[in-house]
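What follows is the residue order along each chain.
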Amino acid sequence: MRRKLAAGNWKMNGSIPALDMIGALKLKHPECPCDVLLCPPAPLLTHALQNTAGSPIFIGAQDCHAEEKGAFTGDHAAAMIAEIGATYVIVGHSERREGYGETDAQVAAKARAAQAAGLTAIVCIGESLQQREAEEALDVIKAQLAGSVPDGSSGETLVVAYEPIWAIGTGKIPTMDQIAEVHALMRSELQARFGDEADSIRLLYGGSVKPDNATEIFALNDVDGALVGGASLRAEDFSPIIEALARS
């Protein structure tokens, strides 16, 4: 049975004092039937790991480089992330794909590097509003999934997050039928590629997930959790999402 995952992506937000929210989460969820993950900016990773000591909360990074080392000023290798104790890394977020021009091949290379370093790669995929309105969403998802997920992936090394670009930070979300349709497609595509192993790969939904819509989203088949943005910055916002996932 897949263990559900509530993952928070802080993006370029937060501070050392803001990490105090981890203490609140530890008190609120000392034992949780789902996994809880926070991905703060890279300079906060070590501080975050110190704050999570003795708790079931995992810490991950928001990106990594595909190479093990080299002249890549400002970047960090997957092995560096693993060395400090983080266990996950997000790759292929739409903000990286759009803002930095990352391709499926580049995302796959980063995911392979993460997996080789012992990290679980959270591979993000999702369509634009234009693609959704042109009824191209499912084709886009198929192509991104095929091009961004490395061969040999497993439930231990891969999480896939579906984040429709037009729903990220906008307050808009697809209909429940649309979310269910995409998640069913992702599961089917992964099964065709990885066989029975695909059943252990967790599929997350992301895009304006909030306490007031989390229960409905988590009730859908093949939604194994969420990749949460702004609502993961404060314990009082993230905790109800964790509770909704734990109940699902």
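The shown structure was predicted, so the numbers you read here are calculated from the model rather than taken from an experiment.

K.L.:
Which residues make up the packing of helix H1 (residues 21–28) against helix H10 (residues 235–247), and what are the values?
P.N.:
Viewed as axis vectors pointing N to C, H1 and H10 meet at an angle of 35°, and their least axial separation amounts to 10 Å. Our pair here, H1 against H10, has a crossing hand that is right-handed. In this structure, H1 contributes Met21, Ala24, Leu25 and Lys28 to the contact, and H10 contributes Ala235, Phe238, Ser239, Ile242 and Glu243. Class assignment for the residues of the contact of H1 with H10 results in six nonpolar, one polar and two charged.

K.L.:
Can you break down the pattern of salt bridges residue by residue, with the values?
P.N.:
One pass over the structure, following the stated rule, counts 17 salt bridges. Arg202 is the salt-bridge partner of Asp35, the closest N and O atoms lying 3.0 Å from each other. Here Asp35 is found in strand E2 (residues 35–39), whereas its partner Arg202 is found in strand E7 (residues 202–205), with 167 residues between them in sequence. Comparing Asp35 with Arg202 shows no difference in burial state: the two are buried. Its salt-bridge partner being Glu127, residue Arg132 comes within 3.1 Å of it at the nearest N-O pair. Grouping residues by exposure puts Arg132 and Glu127 together as buried. One connected set of salt bridges, linked through shared partners, spans Arg2, Arg187, Asp222 and Asp224.

K.L.:
For helix H5 (residues 104–116), give the residues involved together with the corresponding values.
P.N.:
The end-to-end C-alpha distance of H5, which contains 13 residues, comes to 18 Å, matching closely the 18 Å that a straight helix rising 1.5 Å per residue would cover. Residues of H5 that are buried: Val107, Ala108, Lys110, Ala111, Ala113, Ala114 and Gln115. Among the structural elements, helix H3 (78–83), strand E4 (88–91), helix H4 (94–99), strand E5 (120–125), helix H7 (137–148) and strand E6 (158–162) are those in contact with the buried residues of H5.

K.L.:
I'd like a description of the pairing of E2, backed by residues and values.
P.N.:
Across the five residues that make up E2, a large majority, five, are buried. In E2, alternate side chains face the same way, and those of Asp35, Leu37 and Cys39 on one face and Val36 and Leu38 on the other are all buried. Direction of pairing for strand E1 (residues 5–9) relative to E2: parallel, over a ladder of five bridges. Among the inter-strand pairings, Asn9 is bridged to a residue of E2, identified as Cys39. On the question of chirality, the crossover connecting E1 to the parallel E2 by way of H1 is right-handed. Running through helix H2 (residues 45–51), the crossover from E2 to the neighbouring parallel element strand E3 (residues 57–61) is right-handed.

Basis of the calculations
- Residues numbered from 1 in each chain as written.
- Predicted model: local features only at pLDDT ≥ 70, side-chain atom pairs only at ≥ 80, totals over all residues.
- Heavy atoms only, no water.
- Axes fitted to C-alpha atoms, helices over the stretch in contact; angles between N-to-C directions.
- Helix = DSSP H or I, 4+ residues; strand = E, 2+ residues; numbered from the N terminus.
- Left-handed = near helix turned anticlockwise from the far one by under 90°.
- Contact = heavy atoms within 4.5 Å.
- Nonpolar A, V, L, I, M, F, W, Y, C, P; charged D, E, K, R; others polar.
- Salt bridge = Lys/Arg side-chain N within 4 Å of Asp/Glu carboxyl O.
- Buried < 20%, exposed > 50% of the residue type's maximum accessible area, 1.4 Å probe, protein only.
- Expected span 1.5 Å × (residues − 1).
- Pairing = 2+ DSSP bridges.
- Right-handed = clockwise from strand over helix to strand, strands pointing away.

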